[in-house]
Each structure stands twice: as C-alpha cells, then as structure tokens.
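Overview (structure and organization)
The lines below spell out each chain.
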Amino acid sequence: MVIGVLREAQAGETRVAATPATVQQLLKLGYEVTVETGAGEASSFTDEAYTDAGATIGDPLAADVVFGVNAPNAAQLDGLKPGATLIALLSPRLDQAMVDDLARRPITALSMDAVPRISRAQSLDVLSSMANIAGYRAVVEAAHTYGRFFTGQVTAAGKVNPAKILVAGVGVAGLAAIGAAGSMGAIVYATDPRPEVADQVKSLGGEYLSVESEEAQVSATGYAKEMSDDYNTRAAKLYAELATDVDIIITTALIPGRPAPTLITAEMVASMKPGSVIVDMAAQNGGNVEGTVKGESVVTENGVTILGYTDLAGRLPAQASQLYGTNLVNLMKLMTPEKDGVLVLDSEDVVQRGITVVDDGELAWPPPEVQVSAAPTAPPKEVAPPPPPKEPMSDTTRLGIVVVAAALFFALVALSPEVLVPRLTVFALAIVIGYYVIGHVHHALHTPLMSVTNAISGIIVVGGLLQIGHGNDLITAISFVAILLASINVFGGFAVTRRMLAMFSRS
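Keep in mind the model is a prediction, meaning the values are calculated, not measured.

1. With respect to helix 4 (residues 96–103)
Every buried residue of helix 4 is accounted for by Met98, Val99, Asp101 and Leu102. Buried residues in helix 4, looked at end-on, bunch into an arc of 165°, giving them a common side.

Rendered as structure tokens:
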C-alpha cells in the first residue's frame, strides 16, 4: 500500500504530516510513501530530503492511505480515491459539518485528535504532543511580549524582581509552561480542578494553588470536567486576587467537544498592571479570557497584551512535525501487525475504534466512551483517638519536688566527708547548667553540641587517668571503664561532627 503525505491547504499551517525521519520508519513497515511537492518547505524539509529518505514526489491523493495535519479542503477530499483511508486532525467533536461530509464519502476517516487517553495510547496522543510544544512556545511568546527579565537579579545598578506567572490549567500544555517559565527564573503559580496534579506542579518548581471545593477530585477521564457555579465562583475569587499581583497569565483550560470556559473576566484584565501579558491557549475554542481575539494580539486600554495565537505548536514547525509524524508512525505500527505494508483496521481495539469517524463509508462517530481507570481512592483509615492531653505539673508540685531534692542534697552534704563537699557542689551546679544549656536546645541542633560533649568526655578521661592504678582494684576498674566509654564518646563525637561539616562543604 502507498501512503500519501499532503501539502497543507490551511493558511498559515507550517507543519507536515511526515518528515524524512518518519518516512524511513514507514518504509520499514512495508509501505511506499509519496509526498506532495513542497509539503515540507514550511518545516524546512526539502523535496530532496524526502527522496533521499526513500519517498517519491507525486500526487498523494492517489495513495491508499493519506496523511494530513488538518482536515483537507473540499478539493482534496474530492480527489481521494474510493476505499482510501484519511488520517488527520479532523476535530469531529467540534466540526459536525465535517463529520457529515466524510460520512457521505466511500472512505475511511481516522481522527488523530480523538485518541483515547489511556496508557496504551500515549504514543499516539497528538494532543499531548502538540500541547507540550504549545506550552513551551506560550512562555517564549509571553517573554518576548513582556520584554523584561523573568529571573530576579541583584546588580550594582539595582534590584530586579522576578516575574510572577499564573498558569490556569495544568494539563500537558500547562506543565510544559510551568517547566519553561521556572527554568527561566520566574515565580510560577498554577491552578487546576484536579488535585492530583499538585505533585506534578511542585516537581517542576511551581506552587499549586487549590480551590477549596468538594468537586475537586481525581479525574476519571484524564481531562478536567466542567465545574459547577459554586466552584467557578471560588475560582474567580482566586483569579481576581492573583490578577493584581502577577505579571503573566497563561490559560490552557479546555474541555473536549465544548467551548472553552471563561476564567479571566474583563474586570480581572483591567486590574492587571500595565505591561502585563496574557497568553490564551484556548483561543481556538473561544478563549478563557474575555477580550481574546482568535489568532491575534490585542492591547487593552490599561496596557495589558492578550495573545490569542492558535498556531503556537506550528511556531516550532520542525519539532512539531517530527512529533506528529512519530504519532502517525506509532499508529501505523499498531494497524500493521504483520509489517507487510497492509493496513488493518481492528474495530474491536478501543484505540482504533476511538479514532474512527467513518469506516468504509459508514458513520462510526461518536465511539463508545472509554473510561480511564483512575487510581482507586483508599478507604479512610480508622484513626485512633488521641491520648488524653498530659496535664501540666502544678506550681505546688514542682515546688515540692525542688524542696525534697534540696533537702536530700543538703542531707548528703552533711553526711559526707569535708573533702567531698566541694565536689558535690560542683556536681550539682553541673547538673543545673547542663539542663538549661543542653536540655533546652532543639533536637535539630544537638549535633553541633558534640564539641560540648567531647569536652565533658575529655574531663572524664583525665579524671580516670588520675585515679587509675592507685592500689584499689575497684577504683582502678571503675576508672578503666570510665576512660574506655569516654574515649569512645570522644572519637564518635568527632566522627559525627566531621560528617555534619562535610554536608555543608562544597566539593
């Protein structure tokens, strides 16, 4: 079978459905590849590069399988031969007229933007591939329009504060934007109704801001769902508070098959600082920001620039084409089980069924819903009742203990030989000083006090050396044990202190 690669008819489209690298992979699957003249020019892939990879330059509409990025125009659809298979981004959720037109033709149509979001289909997920590029490019466009540092700096000429960026919607595009903005030194905040993304935001250096609501729960489809008025009201309050503080807002909120929800109102835009930038990545479906103009950049009365570009992925055409072409190669691997150049559409496979819009002239849209298996919620653990709080010691009890201890100490002094009295006094003072100097120090700071314990142990060693070998076996044995234990404590203290200092030293 022959695969044809279309030259995109949509104005401004820079991507192509196959690159010289993916052509070689298609040839290994047993297919022949025909590329339309100039199909890859906008992506910097020449016709010569395709022929060197093994493709031929010719009419792709005569092929058995036709690759495209966007839906073909009427002339291209009319040129398809009966029984051909069309694979492109057909937007069946949003373009019912296109679905009806395809259903009237004796072809098979597969839409790459309808790939189910399940683990097995990740290598085919064009939306994720393009969103990753678009999220990165959104930050680049915002930085260019913002015209200032993202990172904070302290120079001889003065201090430069870091830019503050809010990313509304933490899907693939949002995560790419967070990573790009964070790597450029900006302070990044992020919001999303799916609480499971909080760890992902944190791992990229951002700060997740949650909207407290019972609706915020793990997604069962991989997409954010449409939220209630109560949640939207709480979220709007959060956005309104942040709008006055941040420098850049990037919105990515989209619900498949529906117009984009409005997140940033005109009042919020009006409250932003002059020179601020908003990148509305949902402009294709109506936009998340009031005032967005699809495909254009507009400046509000208060100096806020709203970017409504719909071709963010296409602004990195070579990489976007390579990733999209790889998604198509992975699809062809799935649909060519024998690697013999023969495409086999398996309607029992949920992935292939999910992207099928028309099957040999028969309407197959919409497909059965594929439920994404979310992580089961762990049953709540039975929490043991907390122990009753310990009642603090009363002043009377504390005073009684002190009086009894003092009485015992004075009795001990009275009964002791006169030479022992100064030593008992020093011992008592050492206990008091040790309690207040070391006992009240926080546990995290105990290791630096190894030097203090080493000094005390050193005194014990000296005392043991003075007492050992004076003729009394019991005193000699006690002195030996004291010297041994104190020496172990000294050497151990030095070892621990050395390790602690090594943690703070640069290699």
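2. Quick word on the pairing of strand 12 (residues 248–251)
Here strand 12 shows two buried faces, one formed by Ile248 and Ile250 and the other by Ile249 and Thr251. Bridge analysis of strand 9 (residues 164–168) against strand 12 gives 4 bridges, and the strand direction is parallel. Along strand 12, the bridge assignment pairs isoleucine 165 with isoleucine 248. Summarising the sheet, strand 12 and strand 13 (residues 277–280) pair through 4 bridges and their orientation is parallel. Within strand 13, the residue paired with isoleucine 248 across the bridge is valine 277.

3. Re the side chain of threonine 336
Here threonine 336 shows up in the loop between helix 10 (317–335) and helix 11 (350–355). A polar side-chain atom of threonine 336 sits 2.5 Å from a polar atom in the side chain of tyrosine 31. Residues within four places of threonine 336 in sequence aside, it is in contact with Leu29, Tyr31, Gly341 and Val342.

4. Some details on the nonpolar core
Counting residues in each nonpolar core, the largest one holds 41 residues, and the members touching the most others are Phe67, Ile87, Met112, Tyr324 and Met332. Per-element accounting of this core gives the leading share, 7 residues, to helix 10. Leaving out residues up to four positions away in the same chain, methionine 112 has contacts with Ile87, Ala88, Leu89, Leu124, Val126, Tyr324, Asn327, Leu328 and Leu331. Counting 31 residues, the second largest nonpolar core, distinct from the first, contains Ala131, Ala142, Val197 and Met281.

About the thresholds
- Residues numbered from 1 in each chain as written.
- Predicted model: local features only at pLDDT ≥ 70, side-chain atom pairs only at ≥ 80, totals over all residues.
- Heavy atoms only, no water.
- Buried < 20%, exposed > 50% of the residue type's maximum accessible area, 1.4 Å probe, protein only.
- Helix = DSSP H or I, 4+ residues; strand = E, 2+ residues; numbered from the N terminus.
- Arc of directions from axis to C-beta.
- Pairing = 2+ DSSP bridges.
- Polar contact = N/O pair within 3.5 Å; in protein donor to acceptor, adjacent residues only side chain to side chain.
- Contact = heavy atoms within 4.5 Å.
- Core = buried A, V, L, I, M, F, W, Y, C linked by side-chain atoms within 4.5 Å.

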